[in-house]
Amino acid sequence: KTDELQDLQDEASPEFVEMEFEDPRWWEHLPSLKGIGLAAMMVEKPHNFSSTSTSAKTSPPSSSPLPSLQTSLIKHVSDLPRRWQLISLASCIGFNADDMKNGGGDLASFNEKLRIHFIKRKLHEERNRADYHALGLEEARIRGKLFPHISSVIIEDSRSKTFQMLSVGEAELAINKCSQLWEGETSTIFPLSPIDRKAVLDTARNWILEDLSVVAFTYAPIPYTFESKADPKKKVIYLVDNSGISPPSDPAVQSVAPQTSASFTTPSTTPSAEEDYYWKLTENQVFLGLLGSTSGPRRFIAPFIRKCNHSGVRFVYFSPRNMRRSKELASKLGLEMGWNCAISLRSLHGQEHDEHRMISSYADWDVNAKLPHGISEIRKHLADVDNVPLLVSLFTDSTEESTKDMVNIFKEHSDTVLVLGCSHRAKNMQIFGSSDVAIGVNVESEANATDNNPPSVQEGLEFASRVITRECFFNIELSALPHLHDIIEISRASLEAATAATQFIVVCSLSLSISTLLCSCTPNTSEMYVDGAGAIIFLLLLCPALAVGIAFGDGDSESMRRCPVKSDPTDPTMVFPGRKELTKRSFGVAGRALCNALGSFAVGLMAISSGNDDKAPTLILLELSLCAIVGSLGSTYRADVLWVETNWKRNHVYICICLSSLALNLILTFTLAGSAGDAILWPFFLLWPFVALLCGELIKNQVEKVIFDRAALLRRLEFETRLGMWSPR
């Protein structure tokens, strides 16, 4: 179970970007997309202009530079992140991304003259005040940043000496600055009618609700008088729209004038001629098109979740966003997104319906399914209705407290909870502490390697990560996350190997006990017994040595597909769910032990009948030892028979111990009792262990396979059944 996957998504780097279009025949429209590709390439082209003076409408520029802390803060909040999806789109259209660095190729004919960044202050403040659950993935990433809503680039075509302005930005703001529409199929410009404007805005809003990052592309020709009216010293202009915002009452706020390479202007009742010219440049543009894009999880996340589900480890995603915004990412993770697929952890507080619920094209499934909202409703649903809340794979609108409460609910219903979360998020501390096992994922190490932070900053981040993950079992790097499934597999194999070793010791001990019992019940007049010193060596030396070798074995091919039955304190028959399995395994252990004891008892009877009464105890113990050595081959796997799986061939520790024990047993046999017996005794002595091994494998195939087949059926019932088709109660 994880609380956040945002940081596990593809990083903003070209090597992680993999374009996939909704329309597979999109390439048929390539001639109509050249303008969009050029706009995307020029807007995202890196620029490094020298610093110039600044101006602000609210106050005159400061005569002295800002303190270093304020300058660093301004640089941080105004740092524009690269939108690699635009660069990848331009590359798919036909532009070369390498030309962005050297300015050659397709971009050689275009010279950048000015950048204009438009900021709608009211919209910026509204988004900063919005609840986190209502933000999309891209909006959450840039929250707190002074990200321009529209970025425009004025370029000069060196071939025709004309000026053009290409813009990329918020769809609603960009469409409001457009008066014309470009029709790509006919390469014609039409007036933008109210119907077309409404259609574009409705499309953009629907895409936003589906958690897509939506940008609009616009174009406008610039008059040839641009060079005479624009200030050549200014390379970046910030246009800040303060409409609908009251001026700040704090004089200290009004006196701040950041020393950057940009000029800040705001619309006012009496703008200067230069300011008015820049504002008019952004009007009467031509609408080119919309782009809806989203960044998915890293490539290894979905296969990792699929492996977990196949292994009986249910993956649950806790998303801080609402239902509709979480749907797309959950689908890419491979989670079930049909009916009864998700539950919101936000209480309705008396409302009939959740305004952020996901309404599909055929039904409002959130209303029809009557799923609970909030922790209190979930507890009530589990007590009065069924356990569907424990089976869903997506919880939305999660917070630190609600996620911790949900983890406790899972534990209250006898689930073993493993929490997987980012190690740099302080809100995960309580969630880590409430789980059975917690694993922190360090996603900051890669960022630190590329950001070139000073050692003191890196040490501080590492210290914070260690404090946050103090409740975690271990803290792994992001690149090691796909190996978590291997860690679980090794752990299960170790547990099963230890269980098989323990079961082997029980078989050996029971074999010795049955042999002793049979010796005391012999009808022969001669005394028949098991040597005491040899029994001590058998129990305290040979059996533990073979058990250690068995414990070094690997897991079988089906070890990750077994789903154990969890206990249910409310059901008296399920307080100890392994009772039936233990009963069946007890019969299997008794059967294997009886085969070994019967062989050793028969060897003792043969020795007595041939007149070697003094060597009978030694032969009984040696036969038991030989049966234990040969029978240990069948204990290397708990389920599959010996001729199906060959784990013992890869277990070098076991092979060394087994061969050494076998050689020592044969040497002692022919040294201490080589002259005893007749022609029947020795063939029986050497062949019976293999007969006992075959009987043990047949017993194991009948007992263990039944248990594991039942576990596989349970796993399919809990992990492969749609929740809308099955309700346990």
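Read on for a plain summary of the structure.

About the thresholds
- Residues numbered from 1 in each chain as written.
- Predicted model: local features only at pLDDT ≥ 70, side-chain atom pairs only at ≥ 80, totals over all residues.
- Heavy atoms only, no water.
- Helix = DSSP H or I, 4+ residues; strand = E, 2+ residues; numbered from the N terminus.
- Buried < 20%, exposed > 50% of the residue type's maximum accessible area, 1.4 Å probe, protein only.
- Contact = heavy atoms within 4.5 Å.
- Areas by Shrake-Rupley, 256 points an atom, 1.4 Å probe, with all protein chains shown as cover.
- 1 Å grid on protein atoms, 1.4 Å probe; cavity = no way out; pocket = protein on both sides within 12 Å on 5 of 7 lines; lining within 4 Å.
- Points joined across faces, edges and corners; volume = space filled by probe spheres on them.
- Pairing = 2+ DSSP bridges.
- Axes fitted to C-alpha atoms, helices over the stretch in contact; angles between N-to-C directions.
- Core = buried A, V, L, I, M, F, W, Y, C linked by side-chain atoms within 4.5 Å.
- Phe/Tyr/Trp six-rings, centres within 6.5 Å; stacked < 30°, edge-to-face > 60°.
- Lys NZ or Arg CZ within 6 Å of the ring centre and 35° of its normal.

Considering the overall build of the protein
Step number 1: Looking only at helices and strands, the protein features 26 helices and 15 strands.
Step number 2: Buried residues in the protein amount to 46% of all 729 residues.
Step number 3: Look at the contacts in the protein between residues 6 or more apart in sequence, and 80% of them connect residues 24 or more apart.
Step number 4: Total accessible area on the protein is roughly 36000 Å²; 58% of this is exposed by carbon and sulfur atoms.

Side note on empty space enclosed by the protein
Step number 1: Overall, the coordinates contain six cavities of 30 Å³ or more when judged by the stated rule.
Step number 2: Considered as a void within the structure, the largest cavity measures approximately 160 Å³ in volume.
Step number 3: The element best represented in the lining of the largest cavity is helix α5 (residues 121–129), accounting for three residues.
Step number 4: Around the second largest cavity, the lining is made up of 15 residues, and of these Arg592, Asn596, Gly631, Ala692 and Gly696 lie nearest the centre.
Step number 5: Elements with a contribution of two residues or more to the lining of the second largest cavity: α20 (484–520), α22 (579–609), α23 (616–631) and α26 (681–719).
Step number 6: Per-element tally for the lining of the second largest cavity: the top contributor is α26, with six residues.

So, the sheet that holds strand β11 (residues 342–344)
Step number 1: Taken together, three strands build an open sheet; the order of strands is β10-β12-β11 and the sheet is parallel. The open sheet has two free edges, formed respectively by β10 (317–318) and β11, since each of these has just one partner strand.
Step number 2: Sheet analysis places β11 next to strand β12 (residues 394–396), joined by three bridges and oriented parallel. Of the residues in β12, the one forming a bridge with alanine 342 is leucine 394.
Step number 3: Along the sheet face, helix α13 (residues 323–332) touches β10, β11 and β12 and points at about 150 degrees away from the line of β12.

What to know about the nonpolar core
Step number 1: Core analysis: the largest hydrophobic core is formed by 37 residues, its most contacted members being Phe504, Leu512, Val530, Phe538, Leu619 and Phe685.
Step number 2: Breaking this core down by element, the ones donating at least two residues are α20, α21 (532–551), α22, α23, α25 (652–672) and α26.
Step number 3: Counting residues per element, this core draws most heavily on α23, at 10 residues.
Step number 4: By size, the runner-up hydrophobic cluster in this structure holds 32 residues, among which are Ala171, Cys178, Leu212 and Trp279.

Details of unusual backbone geometry
Step number 1: In this structure, asparagine 284 takes a positive phi of about 55 degrees despite not being glycine.
Step number 2: You can see asparagine 284 is positioned in the loop between α11 (273–281) and β9 (285–293).
Step number 3: Positive phi, normally seen in glycine, also occurs at aspartate 397, with a value near 55 degrees.
Step number 4: You can see aspartate 397 is positioned in the loop between β12 and α16 (400–412).
Step number 5: A relative accessible area of 5% means that aspartate 397 is categorised as buried.

Section: the packing of aromatic side chains
Step number 1: Applying the stated criterion across every chain yields a total of eight aromatic pairs.
Step number 2: Linked through ring pairs, Phe318, Phe395 and Phe410 together constitute an aromatic cluster.
Step number 3: Just above the ring of phenylalanine 95 sits the side chain of lysine 34; from NZ or CZ to the centre is 5.9 Å.
Step number 4: A cation over a ring is seen here: lysine 177 above phenylalanine 118, with NZ or CZ 4.3 Å from the ring centre.

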